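# Secondary and tertiary structure notes
Listed here are the chains, written in short residue letters.
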Amino acid sequence: TIGIGVYAMTKQLGERYGVESGVMINNVRNDSPAAKAGLRAGDIIVEADGKAVKNNLDLIRAINGKKEGDIQVTFVRDRDRKT
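Throughout what follows, the structure given in this document is the object of discussion. Keep in mind the model is a prediction, meaning the values are calculated, not measured.

### Overview of the environment of K82
- By the secondary structure assignment, K82 is in strand β6 (residues 80–82).
- Between the C-alpha atoms of K82 and D43, which are 39 residues apart in sequence, the distance is 9.9 Å.
- Residues contacting K82, with those up to four places away along its chain left out, are V73, T74, F75 and R77.

Given below as C-alpha cells:
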C-alpha cells in the first residue's frame, strides 16, 4: 500500500475544490511512500499512472496494476494541479 486513506469526492466537494472527480486524501501514514512523496491530507488525487481516478477502486486498480517502479499521481492542492 502507499499509506493513505481516501474517500470519493461528492459533486458538492468537487465544485468547492474545482475538480470534476477524484478521491480526497483524509489520512497519510507517517513514513509511508505517500508521505515521502509529499502527499498530504486534503489533496485530491485525480489521476494515477495516467488514468483518471473517479473513485477508490480506480486508485486501487492503478496501484495493483503496477508491478514495479513508481506510480505517477496527479493531484490537486489549493486548486493547483501537481504531479
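There is more to say, and it comes next.
### Some remarks on the packing of aromatic side chains
- For the coordinates displayed, the defined rule picks out zero aromatic pairs.
- One cation-aromatic arrangement involves R16 over Y17; the distance from NZ or CZ to the ring centre is 5.1 Å.

### Some remarks on the environment of G38
- Take G38: it is sitting in the loop between α2 (33–36) and β3 (44–48).
- Distance from G38 to N56, taken between C-alpha atoms, is 20 Å for residues 18 residues apart in sequence.
- With residues up to four places along the chain from it excluded, the contact list for G38 reads D43 and R77.

### Observations regarding the nonpolar core
- Counting twelve residues, the largest nonpolar core consists of V23, I25, V28, A34, L39, I45, A48, V53, L59, A62, V73 and F75.
- Ranked by residues supplied to this core, first place goes to strand β2 (residues 23–28) with three residues.
- Not counting the four nearest positions on each side in its chain, V23 is found in contact with V6, Y7, A8, M9, D43, I44, I45, V53, N55, N56 and L59.

The rules behind the values
- The numbering scheme is per chain: residues are counted from 1 as the chain's sequence reads.
- A pLDDT threshold of at least 70 governs which residues receive local features in this predicted model, and a stricter bar of 80 or more applies before side-chain atom pairs are shown or counted, although totals over entire chains, interfaces and linings include all residues.
- The basis for every side-chain value is the complete set of heavy atoms in the structure, and neither hydrogens nor water enter the calculation.
- Numbering of helices and strands runs from the N terminus, with a helix taken as a DSSP run of H or I at least four residues long and a strand as a DSSP run of E at least two residues long.
- Contacts are assigned to residue pairs with any non-hydrogen atoms lying within 4.5 Å of each other.
- To pair, rings of Phe, Tyr and Trp, with the six-membered ring standing in for Trp, must have centres within 6.5 Å; the planes then decide the type, stacked if under 30 degrees apart, edge-to-face if over 60, and tilted in the middle.
- The rule is short: NZ of Lys or CZ of Arg within 6 Å of the ring centre and within 35 degrees of the ring normal puts a charge over the ring.
- Residues belong to one nonpolar core when they are buried, are Ala, Val, Leu, Ile, Met, Phe, Trp, Tyr or Cys, and are joined through side-chain atoms within 4.5 Å.
- Residue burial is assigned from relative accessible area. The probe radius is 1.4 Å, only protein chains are included, and a residue is buried under 20% of its type maximum, exposed over 50%, and partly exposed in between.

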